[in-house]
Amino acid sequence: MSFARRAAVVLAAATALTAGLAVPALAHVSIQPGSAEQGGFTKVAFRVPNERDNASTVKIEVAFPTDHPLAFVSVKPLPGWDVKVTEGKLPAPVKTEYGELKEAVTKVVWSGGKINPGEFQEFEVSMGQLPKDVDSLMFPTKQTYSGGEVVDWADAPKTDGTEAEHPAPTLKLVPASGGDGHGAATASASPAAAPAAATPSVSPVAAASAGSDGTARVLGGAGLAVGVIGAILGFLGLRRRPSA
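Quick look at the structure, then. The written sequence of each chain sets the order in which its residues are numbered from 1. Two thresholds apply to this predicted model, a pLDDT of at least 70 for residue-level local features and 80 or more for giving and counting side-chain atom pairs, whereas whole-chain, interface and lining totals are computed over all residues. Hydrogen atoms and water are omitted, and side-chain values are computed over all heavy atoms in the structure.

Turning our eyes to something else, we now look at the overall build of the protein chain. Per the secondary structure count, the protein chain includes two helices and 12 strands. Segments assigned H or I by DSSP are reported as helices when at least four residues long, segments assigned E as strands when at least two residues long, and all are numbered from the N terminus. Each helix (α) and strand (β) of the protein chain, taken in turn from the N terminus, gives the series α-β-β-β-β-β-β-β-β-β-β-β-β-α. Taken across its 244 residues, the protein chain has 36% of its residues classed as buried. With residues, only the protein chains shown are counted as cover, and all accessible areas are computed by Shrake-Rupley using a 1.4 Å probe. Here the protein chain has roughly 13,400 Å² of accessible surface; of this, 57% comes from carbon and sulfur atoms. Accessible area is worked out with a 1.4 Å probe on protein chains only. A residue is then buried under 20% of its type maximum, exposed over 50%, and partly exposed in between.

Here we come to the packing of aromatic side chains. Side-chain rings of Phe, Tyr and Trp (the six-membered ring for Trp) are treated as a pair once their centres are within 6.5 Å; stacked means planes under 30 degrees apart, edge-to-face means over 60, and tilted covers the remaining angles. With the rule as written, the count across this model stands at six aromatic pairs. Between Phe41 and Phe72 the ring centres are 5.8 Å apart and the planes differ by 25°, which places this aromatic pair in the stacked class. Residue Phe41 is found in the loop between strand 2 (35-37) and strand 3 (42-49), and its partner Phe72 is found in strand 5 (residues 72-75); the two are separated by 31 residues along the sequence. Summarising the aromatic geometry, the rings of Phe64 and Phe139 are spaced 5.2 Å apart at their centres and angled 85° between planes, so their arrangement reads as edge-to-face. Here the residue Phe64 occupies a position in the loop between strand 4 (57-63) and strand 5, and Phe139 occupies one in the loop between strand 9 (136-138) and strand 10 (141-145), the gap between them amounting to 75 residues. One exposure class covers both Phe64 and Phe139, and it is buried. Connected via pairs of aromatic rings, a cluster forms that spans Phe46, Phe64 and Phe139.

Paired strands are those between which DSSP finds at least two bridges. Spatially, the five strands line up as an open sheet ordered 6-7-4-10-11, and their pairing is antiparallel. Each edge of the open sheet is held by one strand with a lone partner, namely strand 6 (82-96) and strand 11 (150-153). Between one strand axis and the next, the sheet turns by 15° as a mean value, whatever way the strands run. In the sheet, strand 10 pairs with strand 11 via four bridges, with the strands oriented antiparallel. When the sheet's bridge partners are listed, Lys142 is paired in strand 11 with Asp152. The angle between two axes is taken between their N-to-C directions and runs from 0 to 180 degrees, where each axis is a line fitted to C-alpha atoms and a helix contributes only its stretch in contact.

So, about the nonpolar core. Here, nonpolar core refers to any group of buried Ala, Val, Leu, Ile, Met, Phe, Trp, Tyr and Cys residues whose side-chain atoms link them within 4.5 Å. Core analysis: the largest hydrophobic core is formed by 31 residues, its most contacted members being Phe64, Trp110 and Phe139. Among the secondary structure elements, those contributing two or more residues to this core are strand 3, strand 4, strand 5, strand 7 (99-115), strand 8 (120-128), strand 11 and strand 12 (170-174). Only heavy atoms matter for contacts: two residues are in contact if any of them lie within 4.5 Å across the pair. Excluding anything up to four places from it in sequence, Trp110 contacts Phe46, Val58, Lys59, Ile60, Val62, Val75, Trp81, Asp82, Val83, Phe123, Glu124 and Val125.

Attention now moves to the environment of Leu78. Take Leu78: it is sitting in the loop between strand 5 and strand 6. It is 9.8 Å that separates the C-alpha atoms of Leu78 and Gln121, two residues lying 43 residues apart in sequence. Apart from residues lying up to four places away in sequence, Leu78 is in contact with Gln121, Glu122 and Phe123.

What follows is about the pairing of strand 4. Across six bridges, the pairing between strand 4 and strand 7 is antiparallel. Across the sheet, the residue bridging to Ala63 is Lys107, located in strand 7. Pairing analysis gives five bridges linking strand 4 to strand 10, with the strands arranged antiparallel. Bridging across to strand 10, Thr57 finds its partner in Tyr145.

One can find Thr141 in strand 10. Of the residues examined, Thr141 reaches a relative accessible area of 1% and is grouped as buried. In this structure the side chain of Thr141 is engaged in a polar contact, spanning 2.9 Å, whose partner is the backbone oxygen of Phe139. The residues contacting Thr141, other than those within four sequence positions of it, are Val29, Ile60, Glu61, Val62, Val151, Asp152, Trp153 and Pro169. Within 3.5 Å is the distance limit for a polar contact, defined as a pair of N or O atoms, with the added protein rule that one can donate a hydrogen and the other accept it, and that residues adjacent in sequence qualify only through two side-chain atoms.

So this is what it looks like as C-alpha cells:
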C-alpha cells in the first residue's frame, strides 16, 4: 500500500473515531441544568434533539415521579406547540410541608410542533418543592417521530457507571446551600409564588449553550484525531526513511 493510500486510510479512521466520540454525547433527551438543590424550587428544560435524518419529532411525553411527587408544576408556553398537563391520584398520599398531597402532575405532553432533522428544542418547566430525602429524580420521556416511531427514554443509570442505551432524563439533587432549607433555587420560584404559577415568568434557557457544548466536544474529538493522525504518519515516515 502506498504512503498516500495509508494516510487516507488513517484519516478516514480518525474521522470515524472523532464522530464516534462527539455524537453519542449529544444524541439523547436530557434535562438542563442537570442538578438542583434538595427542598427547593427550580426551572429546567427538557432538551430534545432530533436523531433521525428522514423524520421530524412531533410529540414529547414526559412522565413525572409519583413516588416523590411535585406539588407545584407549571410550563412555559412554546410557540407552535400545544401542551397538556395531566394530574392524577397518587398511589399513596404524601406528606409535605404544604399538607398531605393526594394528587399531583403525572405527565406533561407537548404536541403539534415539529423538530426537524439536525435541530433540537427545549421544553421548559418550573417545579417544586423538590424532595429532601433522595439524590435524584427520573423523568422517563417518550419521543414520537412523524413516521410513527416512538423512542422510550426510560432506562435507569447503570450500576457500573456506563450510560444506558436510552437513558431517562435525570435531575441530580444536591444538598441545599442556604440556611432556610430552600437554597438559591428559590430565587426565581419561591413557595409563596408557586401556586400562582399558571402564567409562569421563567426566563428562557439560552439555546447557545447546546451549541457551545457540542462545539467543545467536537473540538476535543478533533484534537484527539489530529494527535492520532500525527502519531501514525510519524510512524509511517520512520518506516520509509532509508537506513544510513
